[in-house]
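Observations on the model geometry
Spelled out from the first residue to the last, the chains are:
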Amino acid sequence: MPNSAAKMHSSTPATKTLRDQVLNYARERMELDPAPLDGPQTLKYLKAHASGTISEKGLGGTKALKVFEEVLAPACISTDHPGYLSFIPTAPTEAATLFDLVVSATSVYGGSWLEGSGAVFAENEVLAWLAKEVGLPKTSGGVFVQGGSLGNLSALVTARHSAIQERKSAGKKIPKRWCIIASTESHSSLKAAARVMDIDVIPAQVDEEGRLRGKAVLKAAKKAGKGLFAVVATAGTTNFGIVDRLDEVGLAAKELGVWYHIDGAYGLAGILDPKVKQLFKGSKYADSFIVDPHKWLFTPFDCCALVYRNPKLASDAHTQHGEYLDTLTDGGEFNPSDYAYNLTRRARGLPLWFSIATYGVAAYRNAIAENNAVAQKIAAVIRKRPELTLVREPELSIVVFEKQGWKLSDYEAWSQRILMEGLGFVTPSSHQGKPNARFAIVNPRTDVKLLTQIIDSMDNK
Ligand SMILES: *Cc1c(COP(=O)(O)O)cnc(C)c1O
């Protein structure tokens, strides 16, 4: 018999029952096709129905699970529902979701080679494949971090660290202020990273199609001065899915002698669709890139792949030293923690590894191509409707359109109504101050029929 303190950690008849209950719950949730869309509840409702779960004695697993199943889970929108089209949803494959359970059940530590070599090896196989698709050399490498925001921050910290080292070894002065160039359409996480790093973001104008071009980078560089250390291109903007001219921006960064980072959190996965692969031409110039498998590589939250052309520069910038850590850092082995702003880490790349190992890369190419095809088809439906206007021609899998005469309040009322009906989740977006509707299609179960239904629902006010 386990001692009383170890009861929670031991395989007793009571934990066997709980294990069955929880795994059955997970199984049933996975078998729903689709799971209900669900929606947010008020704080008042949740207080009334789910308070008092934290107590000295505990509720027991059966009761706690019941609270989750009946009150808490239905108060969370299912991001894998085919009608979830806001922000960037996620639609994990069956294999990826299943393996997320395994990552927990096996208590893998993903931060060091010593502790997690098997997991780290598998994660690195996936990173090497991504690097190859993007066109980076075999010597590149990196780490799966929590999300794109942390990926961008970690890449920029590496870039600045390298700039400092370079200037020092060349006997040059260290500038008082550092800055990066990013387009006006780039993601808010870059500004957030800049705040953390206490650097400036010099905005570069996009062209008429919303794309950052080489010339605009060179123009912005004149304002940037000596503190410029990186240029960031976006491979698939979050608003429209527009891919910057990665080739021109990369060459401009080279001309300026600064780091080239590609933020491909949402869109870089599009490189797997042969039909649009040419949009990503020039990705091979990147010194670092990110792509979020939790966005468009069908992986559960939370997962961002961060890859460096020269990983040594990243470990120089990020490795944490400490008495209890030196045994890890002195060995010369590959420790994922050293490549980003993180130490303890879940082996969050494993679900993606298992999923790709299960289905093969070709299935991923297919699924992404299918999302892009659905975007094109629904764009064609929108074009045919006189009361609707596409705000831009979709390039990847994001479709943005306006309805004639609609104010923000019309979009809001419609959005709330279709969420309540369980049809879809489409929050209003806006462009240049004008409200619009936006579909982000990353779920292979999102089809033209459902999207047409959602568009039709705009008419029954
Ligand atoms: C979503 C997104 C991010 C931020 O990624 P998180 O995983 O949400 O932190 C950064 N850049 C782009 C282009 C994005 O679409």
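All of the points below concern the structure found in this document. Numbering of residues starts from 1 in each chain and follows the order in which that chain's sequence is written. The predicted origin of the model limits local features to residues at a pLDDT of at least 70 and limits the giving and counting of side-chain atom pairs to 80 or more, whereas totals for whole chains, interfaces and linings rest on all residues. Excluding hydrogens and water, the side-chain figures rest on all heavy atoms present in the structure.

When the centres of two rings from Phe, Tyr and Trp lie within 6.5 Å, Trp using its six-membered ring, the rings pair. Their planes under 30 degrees apart give stacked, over 60 give edge-to-face, and anything left gives tilted. For the coordinates displayed, the defined rule picks out 13 aromatic pairs. Geometrically, the ring pair formed by Tyr 25 and Phe 68 is edge-to-face, given 5.9 Å between the ring centres and 85° between the ring planes. With Tyr 25 in helix H1 (residues 13-31) and Phe 68 in helix H3 (residues 61-72), this residue pair connects regions lying 43 residues apart in the sequence. When the centroid spacing of 6.0 Å and the interplanar angle of 65° are considered together, the rings of Phe 99 and Trp 353 count as edge-to-face. Placement of Phe 99 in helix H4 (residues 94-105) and of Trp 353 in helix H13 (residues 350-359) is noted, with a sequence separation of 254 residues between them. Strands are runs of DSSP state E lasting at least two residues, helices are runs of H or I lasting at least four, and both sets are numbered from the N terminus onward.

A few words on the layout of surface pockets. By volume, the largest pocket amounts to about 1,300 Å³. The pocket and cavity definitions rest on a 1 Å grid over protein atoms only: a 1.4 Å probe that fits but cannot leave marks a cavity, an open set with protein on both sides within 12 Å along at least five of seven lines marks a pocket, and residues lining either have an atom within 4 Å of a point. If you trace the largest pocket, you find 39 residues lining it, with Arg 29, Met 30, Asp 80, Pro 92 and Thr 97 closest to the centre. Counting residues per element, the ones that place at least two in the lining of the largest pocket are H1, H3, H4 and helix H14 (361-384). If one sorts the elements of the lining of the largest pocket by residue count, H1 sits on top with six residues. In this classification, Asp, Glu, Lys and Arg are treated as charged, Ala, Val, Leu, Ile, Met, Phe, Trp, Tyr, Cys and Pro as nonpolar, and every other residue, Gly included, as polar. A breakdown of the residues in the lining of the largest pocket according to their chemical character gives 24 nonpolar, six polar and nine charged. Domain start and end points were adopted from an automatic or database domain assignment. Three or more residues apiece are contributed to the lining of the largest pocket by two domains, here domain 1 (101-359) and domain 2 (361-459). Grid points are joined across faces, edges and corners, and a volume is the space filled by probe spheres set on the points.

Within the largest apolar cluster, 59 residues are counted, with the highest numbers of intra-cluster contacts made by Ile 181, Phe 280, Phe 289 and Leu 297. With six residues, helix H5 (residues 113-134) is the largest single contributor of residues to this core. When we break this core down by domain, the ones giving at least three residues each are domain 1 (101-359) and domain 2 (361-459). Aside from chain neighbours lying at most four places away, what touches Phe 289 is Leu 130, Ala 131, Val 134, Leu 136, His 261, Ile 262, Leu 268, Ala 305, Leu 306 and Val 307. Working definition of a nonpolar core: buried Ala, Val, Leu, Ile, Met, Phe, Trp, Tyr and Cys residues. They are joined through side-chain atoms within 4.5 Å. Summary of the burial criterion: residues with accessible area below 20% of their type's maximum are buried, those above 50% are exposed, and those between are partly exposed, where the area comes from a 1.4 Å probe applied to protein chains only. Formed by 28 residues, the second largest nonpolar core is a distinct cluster that contains Ala 163, Ile 180, Ala 194 and Met 197. Contacts between residues were defined by any pair of non-hydrogen atoms, one from each residue, lying within 4.5 Å.

With that settled, consider the sheet that holds strand E9 (residues 398-403). Any two strands with at least two DSSP bridges between them are considered paired. Read across the sheet, four strands follow the order E8-E9-E11-E10 without closing on themselves; strand pairing throughout is antiparallel. The strands lining the two open edges of the sheet, one partner per strand, are strand E8 (388-390) and strand E10 (428-431). Between one strand axis and the next, the sheet turns by 45° as a mean value, whatever way the strands run. Summarising the sheet, E9 and strand E11 (residues 434-440) pair through four bridges and their orientation is antiparallel. In the strand pairing of E11, Val 399 is matched with Phe 439. In this analysis an axis means a line fitted to C-alpha atoms, helices contributing only their contacting stretch, and an angle means the value between N-to-C directions, from 0 to 180 degrees. Of the strands in this sheet, E8, E9 and E11 touch H14, which is tilted by about 135° from E8. The sheet contacts of helix H15 (residues 408-420) involve E9, E10 and E11, and relative to E11 the element is tilted by about 35°.

Moving on, we come to the sheet that holds strand E6 (residues 288-291). An order of E1-E7-E6-E5-E4-E2-E3 is seen for the seven strands of this open sheet, with the pairing classed as mixed. The open sheet has two edge strands, strand E1 (141-145) and strand E3 (200-204), and neither has a second partner. The average angle at which neighbouring strand axes cross in this sheet is 20°, direction not considered. For strand E4 (residues 228-234) and strand E5 (residues 259-263), the ladder comprises five bridges, and the chain directions are parallel. Across the sheet, residue Val 231 finds its bridge partner in E5, namely Tyr 260.

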